[in-house]
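Inside the fold
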Amino acid sequence: MSTVLGEKRAPAGRTAVMAGIGSYVPPGVVTNDDLAARLDTSDEWIRSRTGIATRHVVSPGTATSDLAVEAGRRALKSAGSADIDAVVLATTTPDHLCPATAPAVAARLGLTGVPAFDVAAVCTGFLYGLASACGLIAAGIADRVLLVAADAFTTLIDAEDRATAVIFADGAGAVVLRAGRPDEPGAVGPLVLGSDGDLPDLIQVPAGGSRQRSSGRAAPPGDHFFRMRGRDTYRHAVERMTAASREAVIRRGWRLTDIDRLAAHQANARILAAVADRLDIPAERQLSNIEHVGNTGGASIPLLLSQAAQDGRLSSGQKVLLTAFGGGLAWGATALTWPDLTPF
Ligand code: UT7
């Protein structure tokens, strides 16, 4: 089975509507004290500088697709149907450099034959994946898309690098998008996305790609690990998420005071507070789970939305603003009215 592109006619106004959501974190938990036992850090430093207390991590042998399949399964259950035309996987930690991980995820979900591809936009992966999925639906290429954002981020992290090892963690979130109308609850968009490729080294894995491989030289030790210039990244994250959020709200025809819930990429609690402060969104309207899951990269937003919908912090009819920032640089924002669905 394969999908014939352009076969479906796209009626004007056709838009992607969120029809299901699910998430998954691996069972392993690492506390700040666990990290402080082997790194020059402390529970006090990590809590006060990042807002993180514990995080979930994969056990040896568990890869991104394992997280993605579990989250995808839950999203399909939430949608009440496994009828899917395309699978999009946003990840920075694919199972292999080649091939893409999405086809394996699709196959394990019983979706062999549907188009399946990866999207690489680091911590903004979910929003870029959303753009891809919405585009497939709006163009009439697909009626129902499974979008999964999954990262086994700890597999990229240098366990000796205290600047990143205390922040990043593992998890997955997934949504099912179906064709619908822009005025329905759950309708996504408009999406505001941006990038700045002049700063690729703020967040980078220096080795392993064609740049290093074609040099003919072996990679210096440690260059296969994720590196981040934390302080500079912090500054850009606040600026870009704030600006993208403002634009997304305006383009939706709303005002910032209309926003019931802010669901920002869980990069660092101080970044979240700074963005919310600039947008004048009070604490009770901010969603956060960073204390218990850390920074899960691209998985961050759907994991947050799924958990918040499960525990009642997010309910149908609320106006939600999503925003993210990460390596690339890449950033984005969008807004939607939360639909009536059962999260898993
Ligand atoms: O996910 C998308 C992109 N990522 C982000 O948006 C993350 C952005 N950046 C951050 O979250 C923060 O910059 C960090 C959490 C990474 C670092 O926090 P910071 O407040 O910006 O700290 P800093 O890098 O300015 O370092 C302050 C001090 C330094 O010591 P000195 O030079 O002042 O003596 C660091 O060496 O804290 C030190 N430090 C630590 N100390 C204890 C850095 N990491 C640690 C640590 N434990 N884990």
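Above this text you will find the structure in question.
Here goes a summary of the coordinates provided. Note that the structure is a prediction, hence the values are computed from the model and not measured.

With that settled, consider the overall build of the chain. Along its length, the chain carries eleven helices and 13 strands. The C-alpha atoms of the chain give 19 Å as radius of gyration, which agrees with the globular expectation for 344 residues (20 Å, within 12%). By principal-axis analysis of the C-alpha atoms, the chain measures approximately 55 × 45 × 40 Å. A buried classification covers 53% of the 344 residues belonging to the chain. Expressed as a percentage of contacts within the chain between residues at least 6 apart in sequence, the contacts between residues at least 24 apart total 78%. Of the roughly 14,500 Å² of accessible surface on the chain, 50% is carried by carbon and sulfur atoms. Side chains of the chain carry 33 positive and 35 negative charges; the gap between the two charge centres is 3 Å.

The next thing to look at is unusual backbone geometry. Following Cys98, the chain continues to Pro99 via a peptide bond in cis, the omega torsion being 0 degrees. Inspection of the secondary structure puts Pro99 in the loop between strand E4 (86-90) and helix H4 (102-108). The linkage connecting Gly328 with the following residue, Leu329, adopts the cis geometry, with an omega of -5 degrees.

Attention shifts here to the pattern of salt bridges. Counted by the stated rule, this structure contains 15 salt bridges. Note that Asp158 is salt-bridged to Arg227, the shortest N-O span being 3.2 Å. Here Asp158, found in the loop between strand E6 (144-152) and helix H6 (162-165), pairs with Arg227, found in strand E10 (residues 227-228); they are 69 residues apart in sequence, far enough to count as distant. One connected set of salt bridges, linked through shared partners, spans Glu70, Arg73 and Arg74.

Taken in spatial order, the five strands make up an open sheet running E1-E7-E6-E4-E5, and their pairing is mixed. In this open sheet, the two strands that pair with only one neighbour each are strand E1 (15-24) and strand E5 (116-119). In this sheet, adjacent strand axes meet at a mean angle of 20 degrees when their direction is disregarded. Relative to strand E7 (residues 170-180), E1 runs antiparallel, the two sharing nine bridges. Bridging across to E7, Gly20 finds its partner in Val176. Contacts from helix H3 (residues 64-79) reach E1, E4, E6 and E7, with the element oriented near 125 degrees to E1.

Along the chain, Gln212 falls in helix H7 (residues 210-213). Here Gln212 falls in the buried class, since its relative accessible area comes to 15%. Between the C-alpha atoms of Gln212 and Asp223, which are eleven residues apart in sequence, the distance is 9.6 Å. Filtering out sequence-adjacent residues up to four positions away, Gln212 remains in contact with Pro206, Ala207, Arg217, Ala218, Ala219 and His224.

Taken together, the four strands give an open sheet; going across it, the order is E8-E13-E12-E11, and neighbouring strands pair in mixed fashion. Across the chains shown, the open sheet's two edge strands, defined by having one partner strand only, are strand E8 (192-195) and strand E11 (261-264). The mean angle between the axes of side-by-side strands here comes to 10 degrees, regardless of whether they run parallel or antiparallel. Taken together, the eight bridges between strand E12 (residues 319-326) and strand E13 (residues 330-337) define a ladder with antiparallel strand orientation. Its bridge partner lying in E13, Leu322 is registered against Thr334.

Next up on the list: the side chain of Arg144. Relative to the helices and strands, Arg144 is located in strand E6. Buried within the structure, Arg144 lacks any salt-bridge partner; its nearest side chain of opposite charge belongs to Asp83, at an N-O separation of 4.6 Å. Those residues in contact with Arg144, other than ones at most four positions away along the chain, are Ala79, Ser81, Asp83, Ile84, Asp85, Ala86, Val176, Leu177 and Arg178.

A separate point is the packing of aromatic side chains. For the structure shown, the criterion picks out three aromatic pairs. Measuring from ring centre to ring centre gives 4.9 Å for Phe168 and Phe226, while their planes differ by 65 degrees; the resulting arrangement is edge-to-face. Pair noted here: Phe168 is in the loop between H6 and E7 and Phe226 is in the loop between H7 and E10, with a separation of 58 residues, a long-range link. The two residues Phe168 and Phe226 agree in class, both being buried. Taken together through their ring pairs, the aromatic side chains of Phe153, Phe168 and Phe226 make up a single cluster. The cationic tip of Lys77 hangs over the ring face of Phe344; the distance from NZ or CZ to the ring centre is 4.2 Å.

About the cut-offs
- Residues numbered from 1 in each chain as written.
- Predicted model: local features only at pLDDT ≥ 70, side-chain atom pairs only at ≥ 80, totals over all residues.
- Heavy atoms only, no water.
- Helix = DSSP H or I, 4+ residues; strand = E, 2+ residues; numbered from the N terminus.
- Rg over C-alpha atoms; globule rule 2.2 N^0.38 Å.
- Buried < 20%, exposed > 50% of the residue type's maximum accessible area, 1.4 Å probe, protein only.
- Contact = heavy atoms within 4.5 Å.
- Areas by Shrake-Rupley, 256 points an atom, 1.4 Å probe, with all protein chains shown as cover.
- Lys, Arg positive; Asp, Glu negative; His and termini not counted.
- Charge placed at Lys NZ, Arg CZ, Asp CG, Glu CD.
- Salt bridge = Lys/Arg side-chain N within 4 Å of Asp/Glu carboxyl O.
- Pairing = 2+ DSSP bridges.
- Axes fitted to C-alpha atoms, helices over the stretch in contact; angles between N-to-C directions.
- Phe/Tyr/Trp six-rings, centres within 6.5 Å; stacked < 30°, edge-to-face > 60°.
- Lys NZ or Arg CZ within 6 Å of the ring centre and 35° of its normal.

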